[in-house]
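Chain residues, written in single-letter form:
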Amino acid sequence: MPQITVDYSDTMENAFDREGFARALHEATVEIAAAKPEACKTQFRPSAYTVFGYEDPGARGHAIVHVTIGLLAGRADETKERLAEAALELLREHVADAAFTLHASAEIRDLDPSYRKFDR
């Protein structure tokens, strides 16, 4: 915990400082949601095929990124909202201005009570 997943259009690959974003998001998650630094884990999943609205799927004019952060239950809605806003602000800082329109979103959710983990 927390489990962070970042889905993004691969067309923004060269404009997205993923390592810088992850480190800054981990810091924000520790500060805002009282997570332990060593518990923060982020997985990036590039998507080779993104469709926006009615545009030609091959058009490179748009990029999409969605951040999902799963936390153990018990955080107040206000905490989740602050963390979602922080994630969006950090995306603004870690995605360079490029030849695409960026559509960004973030969702903070409670992990299911069945969540289990192990570290080896």
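Because the structure is a prediction, the values reported are computed rather than measured.

Overview of the nonpolar core
Here is step 1: Membership of the largest hydrophobic core comes to 31 residues, with the highest contact counts inside it found for Phe16 and Val67.
Here is step 2: Those elements that provide at least two residues to this core are strand 1 (3-9), helix 1 (18-33), strand 3 (62-71) and helix 2 (77-94).
Here is step 3: It is helix 2 that contributes the most residues to this core, 7 residues altogether.
Here is step 4: Among residues more than four places away in sequence, those in contact with Val67 are Ile4, Thr5, Val6, Phe21, Leu25, Ala87, Leu91, Ser105, Ala106 and Glu107.

What about the sheet that holds strand 4 (residues 101-110)?
Here is step 1: The strand order across the open sheet built from 4 strands is 2-1-3-4, with neighbouring strands paired in mixed fashion. Strands at the two margins of the open sheet, each flanked by one partner only, are strand 2 (41-47) and strand 4. Pairwise comparison of adjacent strand axes, ignoring direction, gives a mean angle of 15 degrees for this sheet.
Here is step 2: Across 6 bridges, the pairing between strand 1 and strand 3 is antiparallel.

Topic: the side chain of Thr29
Here is step 1: With respect to the element layout, Thr29 can be found in helix 1.
Here is step 2: In contact with Thr29, other than residues within four places in its own chain, are Pro2, Ile4, Ala34, Ala35, Cys40, Leu71 and Leu83.

Here we look at the pattern of salt bridges
Here is step 1: Applying the stated criterion across every chain yields a total of 6 salt bridges.
Here is step 2: For the salt bridge of Glu19 with Arg23, the shortest nitrogen-to-oxygen distance reads 3.1 Å. Within this pair, Glu19 and its partner Arg23 are both found in helix 1, separated by 4 residues, close to a single helical turn.
Here is step 3: The salt bridge involving Lys117 is made with Asp119; its shortest N-O contact spans 2.8 Å.
Here is step 4: Exposure remark for Lys117: the relative accessible area of 49% places this residue in the partly exposed category.
Here is step 5: Take Asp119: its relative accessible area is 61%, and that puts it in the exposed class.

Structural notes on helix 2
Here is step 1: Look at helix 2: 26 Å from first C-alpha to last across 18 residues, which is about the 26 Å you get at 1.5 Å a residue.
Here is step 2: Along helix 2, the positions that sit buried rather than exposed are Thr79, Lys80, Leu83, Ala84, Ala86, Ala87, Leu88, Leu90, Leu91 and His94.
Here is step 3: Buried-residue contacts for helix 2 involve helix 1, strand 3 and strand 4.

Looking at the packing of helix 1 against helix 2
Here is step 1: At a closest axis distance of 10 Å, the pairing of helix 1 and helix 2 adopts a crossing angle of 160 degrees. Looking at the two axes, helix 1 sits roughly antiparallel to helix 2. Here helix 1 and helix 2 pass one another in a crossing that is right-handed. In this structure, helix 1 contributes Gly20, Phe21, Ala24, Leu25, Ala28, Thr29, Ile32 and Ala33 to the contact, and helix 2 contributes Thr79, Arg82, Leu83, Ala86, Ala87, Leu90, Leu91 and His94.
Here is step 2: Residues of the contact of helix 1 with helix 2, tallied by class, amount to 11 nonpolar, 4 polar and 1 charged.

Cut-offs used in this document
- Residues numbered from 1 in each chain as written.
- Predicted model: local features only at pLDDT ≥ 70, side-chain atom pairs only at ≥ 80, totals over all residues.
- Heavy atoms only, no water.
- Core = buried A, V, L, I, M, F, W, Y, C linked by side-chain atoms within 4.5 Å.
- Buried < 20%, exposed > 50% of the residue type's maximum accessible area, 1.4 Å probe, protein only.
- Helix = DSSP H or I, 4+ residues; strand = E, 2+ residues; numbered from the N terminus.
- Contact = heavy atoms within 4.5 Å.
- Pairing = 2+ DSSP bridges.
- Axes fitted to C-alpha atoms, helices over the stretch in contact; angles between N-to-C directions.
- Salt bridge = Lys/Arg side-chain N within 4 Å of Asp/Glu carboxyl O.
- Expected span 1.5 Å × (residues − 1).
- Parallel < 35°, antiparallel > 145°, perpendicular 65-115°, else oblique.
- Left-handed = near helix turned anticlockwise from the far one by under 90°.
- Nonpolar A, V, L, I, M, F, W, Y, C, P; charged D, E, K, R; others polar.

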